[in-house]
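Summary of the model geometry
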There are 2 protein chains.
Amino acid sequence: MYILGGTSATLLSNNLSRLLNQPLLKTTFKRFPDDEFYLRIEEPIDGEDVLIVQTAYPDPKIVELLIMQDAVCEAGAKKISVILPYFGYSRQDKKFEEGEAISARAMAEHISIHADEVITVDPHKEHILDFFTTPTRSCSAVPALADYLKKKNIDLVLAPDKGARDRGEEAAKLIGCASDYLEKTRIDGTTVKIHPKNLDVHGKTVAIVDDIISTGGTMANSIKELRHQGAKKVYVACTHGLFAGQAREKLKESGVDEIIATDTIESEFSKVSVASCLASMLVSLA
Amino acid sequence: MYILGGTSATLLSNNLSRLLNQPLLKTTFKRFPDDEFYLRIEEPIDGEDVLIVQTAYPDPKIVELLIMQDAVCEAGAKKISVILPYFGYSRQDKKFEEGEAISARAMAEHISIHADEVITVDPHKEHILDFFTTPTRSCSAVPALADYLKKKNIDLVLAPDKGARDRGEEAAKLIGCASDYLEKTRIDGTTVKIHPKNLDVHGKTVAIVDDIISTGGTMANSIKELRHQGAKKVYVACTHGLFAGQAREKLKESGVDEIIATDTIESEFSKVSVASCLASMLVSLA
């Protein structure tokens, strides 16, 4: 098997190559002066299995993925597996209003065309896997995040809301600590207090575990509140760190002790790799 | 019929709506804070024919197109026609080397999925139309460019090279002037002289007519040479004005009298609309 690491998954493809003991495919990537993407596969892959690794976010990386799939198909690969560490547009997974696109479905449909299987990590909603017209599975980054958090003497894992409770409980169980979720209480017409549903954070080291950090606004407010309520340390761990807009500044100002993200989206916070969870799944599927 | 004008074809969709006397579809477009595209169609189009107009360049505009097609399909349109005023990646139309993607084919394949017909303007090579898996036609912007140039008392139309001769001849015939093409002659080991194959430009008003201006390098050199050879005025007219990188500066410094492009790619040089050629084709197909 060859691993074709796209430009949005360099770290992860290297990690996967090492873990699976499979070579990275030699490639040339460039952008033409008019900003169009160019790809050349530098080795013969006729009859070979190829694992394409590319985060489909933002838009130009989706186009790169479609072009990589074309090149691998054209070069005669036997089986094309696509790893979408982060699947862009996955939150536009239904029509919230009439006339909207179901963008997650649209992207899934196009990515499925030249893919024999797709594997993604922590989709925001499980049902988006059904949008793909090729066999699609997901794996969880929670064990990898929990592994990292274990070293931090976490007393309490907090899910950012009730809907994300299962995820928080899974992390807490792996770390060996308590878990709870954050709730918003309206204390007058305009003020909202964010606090753990059942437990007290005073003097505790807490970790908020979420699937995605986008603009970081709600997360920053939660951190401030927990600090205000006497939390000793506040860690924030997520699978997909988008850090859109002013997210970095907001989080920095909130008084967070450390931000941890995985390598599904590469950033200075990619301290945890999802390579091991992906490798386990690939080995189990083989 | 409704016309859905995308964000990369605002001018052209308005022109088409006026010429065809068909309404523009009411829509909301936005980008989320994480830069993902959002579209909502604000009117019912169930059972209606919809004409989507969107230049598929650069990458984010391709993704927008795929999402618009999904929304129109989801909303129950009867027939989906896609106008690609400029088709991005169309110059990557074959494998120049082993291992490359045929990107034009890849994009054509994806755009074809939710399209009952596709119409594009002046493709760089005609054979790219065969990459689409839905009926696809092209129309020529040369009559529209010639119409504009007629007012400029052009003595001579020049094609930028021998391969583009037909296009130059077509323009010259419509303008009612002579035509020739530019040739490069190597005068010593390194120096190349660019000059018209047969005719002299001294004291003449010339127009170089090309399908596409990308970085503008060759075009700028040609203009300088024609100036040097005594051309009175040099006009440059193209269908697709990409003006990538430093193209604007290079052309400005070359001594060009005027740059003319169409609205397939919107810029300050979009002085000619391809709406009339598209409208004629649509009426003839109806």
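Note that residues are indexed from 1 along each chain, following the sequence as it is written. Chains and ligands are labelled sequentially in the order written, the chains with letters from A and the ligands with numbers from 1. Restriction of local features to residues with pLDDT of at least 70 applies here, the model being predicted, together with a cutoff of 80 or more for giving and counting side-chain atom pairs; totals for whole chains, interfaces and linings are based on all residues. Excluded from the side-chain calculations are hydrogens and water; all other atoms, namely the structure's heavy atoms, are used.

Here we come to the pattern of salt bridges. Definition used for salt bridges: Asp or Glu carboxyl oxygen within 4 Å of a side-chain nitrogen of Lys or Arg. Applying the stated criterion across every chain, the model contains 36 salt bridges over all chains. A salt bridge links Lys152 of chain A to Glu258 of chain A; its shortest N-O distance comes to 3.2 Å. One end of the pair, Lys152 of chain A, is in the loop between α4 (142-150) and β8 (156-159); the other, Glu258 of chain A, is in strand β13 (residues 258-262), with 106 residues separating them in the sequence. Under the scheme applied here, a residue whose accessible area is under 20% of the maximum for its type counts as buried, over 50% as exposed, and between as partly exposed, the area being computed with a 1.4 Å probe on protein chains only. Classification of Glu258 of chain A by relative accessible area gives buried; the value is 14%. Note that Glu268 of chain B is salt-bridged to Arg248 of chain B, the shortest N-O span being 2.6 Å. A residue pair is termed long-range when its members are at least 10 positions apart, and Glu268 of chain B in the loop between β13 (258-262) and β14 (270-272) and Arg248 of chain B in helix α7 (residues 247-253) qualify at 20 residues. Working definition: helices are DSSP H or I runs of at least four residues, strands are E runs of at least two. Numbering for both runs from the N terminus.

For the rest of this paragraph, the subject is the interface of chain A and chain B. Opposite the 45 residues of chain A that make contact, chain B presents 45 residues. Overall, the association of chain A and chain B removes approximately 4,000 Å² of surface from exposure, summing both partners, and the carbon and sulfur fraction of that is 51%. Once two parts are brought into contact, the accessible area they lose, counted with a 1.4 Å probe and summed over both, makes up the buried area. Sorting the residues of chain A by area buried against chain B places Asp34, Glu36 and Glu74 of chain A first, and these three jointly supply 15% of that buried surface. Here chain A and chain B share twelve salt bridges between them. Each polar contact in these results corresponds to two N or O atoms within 3.5 Å; when the atoms are within protein, one needs to be able to donate a hydrogen and the other to accept it, and residues that are neighboring in sequence are counted only if both atoms are side-chain atoms. The interface formed by chain A and chain B holds 31 residue pairs in polar contact (both at pLDDT 80 or more) in total. Mapped onto the side of chain A that touches chain B, the elements with two or more residues apiece are β3 (37-41), α2 (59-74) and α3 (103-112) of chain A. Should any heavy atoms of two residues lie within 4.5 Å, those residues are considered in contact.

A separate point is the packing of aromatic side chains. Aromatic contacts are taken between Phe, Tyr and Trp rings whose centres are within 6.5 Å, Trp giving its six-membered ring; a plane angle under 30 degrees counts as stacked, one over 60 as edge-to-face, and the others as tilted. The tally for this structure, following the rule as stated, stands at ten aromatic pairs over all chains. A centroid spacing of 5.6 Å and a plane angle of 80° characterise the contact between Tyr57 of chain A and Tyr86 of chain A, whose relative ring orientation is edge-to-face. Linking Tyr57 of chain A in the loop between β4 (49-53) and α2 with Tyr86 of chain A in the loop between β5 (79-84) and α3, this pair joins segments that are 29 residues apart in sequence. Between Phe87 of chain B and Phe132 of chain B the ring centres are 5.2 Å apart and the planes differ by 50°, which places this aromatic pair in the tilted class. Of the two residues, Phe87 of chain B sits in the loop between β5 (79-84) and α3 (103-112) while Phe132 of chain B sits in the loop between β6 (117-121) and β7 (136-139), which places them 45 residues apart along the sequence. You can call Phe87 of chain B buried: its relative accessible area is 3%. Geometry around Tyr38 of chain A places Lys30 of chain A over its ring, the cationic atom sitting 5.1 Å from the centre. Charge-over-ring placement is defined geometrically: NZ (Lys) or CZ (Arg) within 6 Å of the ring centre, and within 35 degrees of the ring normal.

A few words now on the sheet that holds strand β8 (residues 156-159) of chain B. Residue and element names in this part refer to chain B. Read from one edge of the open sheet, seven strands run β10-β9-β8-β11-β12-β13-β14, paired in mixed fashion. Either end of the sheet is taken by a strand with one partner, and the two such strands are β10 (192-196) and β14. The sheet shows a mean angle of 35° between the axes of neighbouring strands, taken without regard to direction. Two strands are said to pair when DSSP picks up at least two bridges between them. Here three bridges tie strand β12 (residues 233-241) to β13, and the two strands are oriented parallel to one another. Residue pairing for β13: Val236 is matched across the bridge by Ile259. All axes are obtained by fitting lines to C-alpha atoms, using only the stretch in contact for helices, and the reported angles, taken between N-to-C directions, cover 0 to 180 degrees.

The subject of this paragraph is the relation of the copies chain A and chain B. When the copies are overlaid, the least-squares fit takes in C-alpha atoms only where the residue has pLDDT of at least 70 in both copies. Mapping chain A onto chain B is achieved by rotating through 180° and translating by 0.0 Å along the same axis, at an RMSD of 0.0 Å. In the structure described here, the two chain copies are related by an operation that fits a two-fold rotation axis. In this assembly the copies share their binding face: 100% of the residues contributing to the interface of chain A also contribute to that of chain B.

A separate point is helix α4 (residues 142-150) of chain B. All of the buried residues along α4 of chain B are Val142, Ala144, Leu145, Ala146, Tyr148 and Leu149 of chain B. Where α4 of chain B is buried, its residues meet α5 (165-175), β11 (205-213), β12, β13 and β14 of chain B.

What follows deals with the confidence of the model for chain A. The pLDDT score gives, residue by residue, the confidence of the prediction method on a 0 to 100 scale. Here chain A averages 96 in pLDDT, while 100% of its residues score no lower than 70. The ipTM for the predicted assembly is 0.96, set against a pTM of 0.96.

Now for the packing of α3 of chain A against helix α2 (residues 59-74) of chain B. For the pair α3 of chain A and α2 of chain B, interaxial distance at closest approach is 9 Å and the crossing angle is 115°. The angle between α3 of chain A and α2 of chain B falls in the class roughly perpendicular. Pair α3 of chain A / α2 of chain B crosses with right-handed handedness. Here α3 of chain A contributes Ser103, Arg105, Ala106, Met107 and His110 of chain A to the contact with α2 of chain B, which in turn contributes Val63, Leu66, Ile67, Asp70 and Glu74 of chain B. We call Asp, Glu, Lys and Arg charged. Ala, Val, Leu, Ile, Met, Phe, Trp, Tyr, Cys and Pro are nonpolar, and the rest, Gly among them, are polar. In terms of residue class, the contact of α3 of chain A with α2 of chain B is made up of five nonpolar, two polar and three charged. For classification purposes, angles smaller than 35 degrees are called roughly parallel, those larger than 145 roughly antiparallel, those between 65 and 115 roughly perpendicular, and all remaining angles oblique. A clockwise turn of the near helix away from the far one marks a right-handed crossing, whereas an anticlockwise turn of less than a right angle marks a left-handed crossing.

All names here are of chain A. By secondary structure assignment, the location of Glu225 is in helix α6 (residues 217-228). Positive charges come from Lys and Arg, negative ones from Asp and Glu, while His and the chain ends are left out of the count. Comment: no salt bridge for buried Glu225; closest opposite-charge side chain is Lys193, at 6.0 Å. Dropping the residues within four chain positions of it, Glu225 is found in contact with Val192, Lys193 and Ile194.

Another point: the sheet that holds strand β12 (residues 233-241) of chain A. All names here are of chain A. Overall, mixed pairing links the seven strands, which are arranged β10-β9-β8-β11-β12-β13-β14 in an open sheet. Every interior strand has two partners, whereas the edge strands, β10 (192-196) and β14 (270-272), have only one. The sheet shows a mean angle of 35° between the axes of neighbouring strands, taken without regard to direction. Direction of pairing for β13 relative to β14: parallel, over a ladder of two bridges. Bridging across to β14, Ala261 finds its partner in Ser270. Across the face of the sheet, helix α5 (residues 165-175) comes into contact with β8, β9 (178-186), β11 (205-213) and β12 while running at roughly 165° to β8. Against the sheet, α6 makes contact with β8, β9, β10, β11 and β12, and its axis sits at roughly 175° relative to β11, the strand it touches most.

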